[in-house]
Amino acid sequence: MERPIGVFDSGVGGLTVVKQLKKILPDERLVYFGDTARIPYGTKSKRLIRQFALEDALFLLQFDIKFLVVACNTASSGALPVLQERLEIPVVGVVEPGARAAAEKTRNKRIGVIGTSATIASSSYAKEIRKLMPEAEVLGQPCPLLVPLVEEGWLDGEVTVLTLKKYLKDLIEAGVDTIILGCTHYPLLEPTIRKIVGPQVALIDSGKETAKAVKRVLEEIKLVNRSSEKGKDLFFVSDSPEQFARIGSNFLGEALTNVERIDFDEFLIKNSSSPLLKNLEVLHED
Ligand code: DGL
């Protein structure tokens, strides 16, 4: 059996990325970790997000993963360079692929980004877009209420429509022609967002773009699975597996049966001397 791809997220949202990975890379085995005990990451400081991301990666490394996908937009925004620096395997996040797709799609060079407060505060998407299109105007809008609404299953209806209209107002008024769905949860809101912004605005699903990028990189570095024996995908969480399976099936679009809870505190105590977690104090804010 070949080595799996590791995927982590702050919780259940990363399953939207898993859904895309399974579609585009059906022969790859995935090991997923959702840090449900510490979600949300989107309201945390950059320092804490970096520490959590390194700890999540350390957990996945036990499975001899060949590649790491940071499915969480907040963790990709705050921790991708430190993960790439400290890990010996390739690491791909969701920000660069989403930014690239938006830069390719826009015609008026005015791009909106919606995401958690931490993602928007980091300007991660704006920085990536400007590398490709320095003249682009990028408008960020934090949407902290959307994650709980989606986890509650409120994907349309009055409250969600009103909330979205309020969040999207400035972007629409600014005339953006492209909006990046810069959070794991937002693909579930895509039909409702579409109704509000109309058919002219392109909506970029970062998870979908990331799955394409992962495939491209795997092919480039010749790490595509060649074994006919795929093995089972594994799902681990740091809190209730029942809740993860229940909410997660909406995100994944299929039932989740094999979710296992791990004692993450115990794991971290046992692995506290790992070189990956050394000098965490240098991960201060930039
Ligand atoms: N997974 C996070 C993201 O994509 C959303 C949930 C959270 O705040 O942790 O930004």
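Structure: see above.
Residues numbered from 1 in each chain as written. Predicted model: local features only at pLDDT ≥ 70, side-chain atom pairs only at ≥ 80, totals over all residues. Heavy atoms only, no water.

Engineer: Would you explain the overall build of the protein in this entry?
Structural biologist: Counting secondary structure elements, the protein contains 12 helices and 10 strands. Taking 2.2 N^0.38 as the reference for a compact globule, 286 residues should give roughly 19 Å; the C-alpha atoms of the protein span a radius of gyration of 18 Å, in line with that estimate. The C-alpha extent of the protein, read off along each of the three principal axes, is 50 × 40 × 40 Å. Residues classed as buried in the protein amount to 56% of the 286 residues present. Taken as a whole, the protein presents about 13000 Å² of accessible surface, with 51% of it coming from carbon and sulfur. Of the side chains in the protein, 37 bear a positive and 39 a negative charge, and the two mean positions are spaced by 4 Å. (Helix = DSSP H or I, 4+ residues; strand = E, 2+ residues; numbered from the N terminus. Rg over C-alpha atoms; globule rule 2.2 N^0.38 Å. Buried < 20%, exposed > 50% of the residue type's maximum accessible area, 1.4 Å probe, protein only. Areas by Shrake-Rupley, 256 points an atom, 1.4 Å probe, with all protein chains shown as cover. Lys, Arg positive; Asp, Glu negative; His and termini not counted. Charge placed at Lys NZ, Arg CZ, Asp CG, Glu CD.)

Engineer: Where do I start with unusual backbone geometry in this structure?
Structural biologist: Leaving glycine aside, a negative phi is the common case for residues, and trans is the common case for peptide bonds. Residue proline 40 is bonded to the preceding isoleucine 39 through a cis peptide linkage, with omega at 5°. Examined against the element boundaries, proline 40 turns out to sit in the loop between β2 (30–34) and α2 (46–61). For serine 123, which is not a glycine, the phi torsion comes out positive at approximately 55°. In this structure, serine 123 sits in the loop between α5 (117–122) and α6 (124–132). Of note, lysine 222 is a non-glycine position whose phi angle comes to about 55°, a positive value. Within the secondary structure, lysine 222 sits in the loop between α10 (206–220) and β9 (234–237). A relative accessible area of 64% means that lysine 222 is categorised as exposed.

Engineer: Explain the sheet that holds strand β3 (residues 67–70) here, please?
Structural biologist: Paired through their backbone hydrogen bonds, the strands of a sheet run either parallel or antiparallel. If you trace the six strands from one edge of the open sheet to the other, you get β4-β3-β1-β2-β9-β10, paired in parallel fashion. Two strands bound the open sheet, and with one partner strand each, they are β4 (91–93) and β10 (259–261). Mean inter-strand twist for the sheet, computed between neighbouring axes without regard to direction, equals 20°. Pairing analysis gives four bridges linking β2 to β9, with the strands arranged parallel. Paired with glycine 34 across the strands is valine 237, a residue of β9. Here helix α3 (residues 73–86) sits on the sheet in contact with β1 (5–9), β3 and β4, set at roughly 165° to β4. (Pairing = 2+ DSSP bridges. Axes fitted to C-alpha atoms, helices over the stretch in contact; angles between N-to-C directions. Contact = heavy atoms within 4.5 Å.)

Engineer: Help me out: how do you make sense of the side chain of serine 76 in this one?
Structural biologist: Along the polypeptide, serine 76 turns up in helix α3. Judged by its relative accessible area of 5%, serine 76 falls in the buried class. A polar side-chain atom of serine 76 sits 3.1 Å from the main-chain carbonyl oxygen of valine 70. Separated by 2.8 Å, the side chain of serine 76 and the backbone oxygen of cysteine 72 make a polar contact. Setting aside anything within four residues of it in sequence, one finds serine 76 in contact with Val70, Gly93, Val94 and Val95. (Polar contact = N/O pair within 3.5 Å; in protein donor to acceptor, adjacent residues only side chain to side chain.)

Engineer: Explanation requested: the environment of serine 122 in the structure shown.
Structural biologist: Locating serine 122 in the fold gives a position in helix α5. Leave out the neighbours within four places in its chain, and serine 122 touches Ser77 and Lys127.

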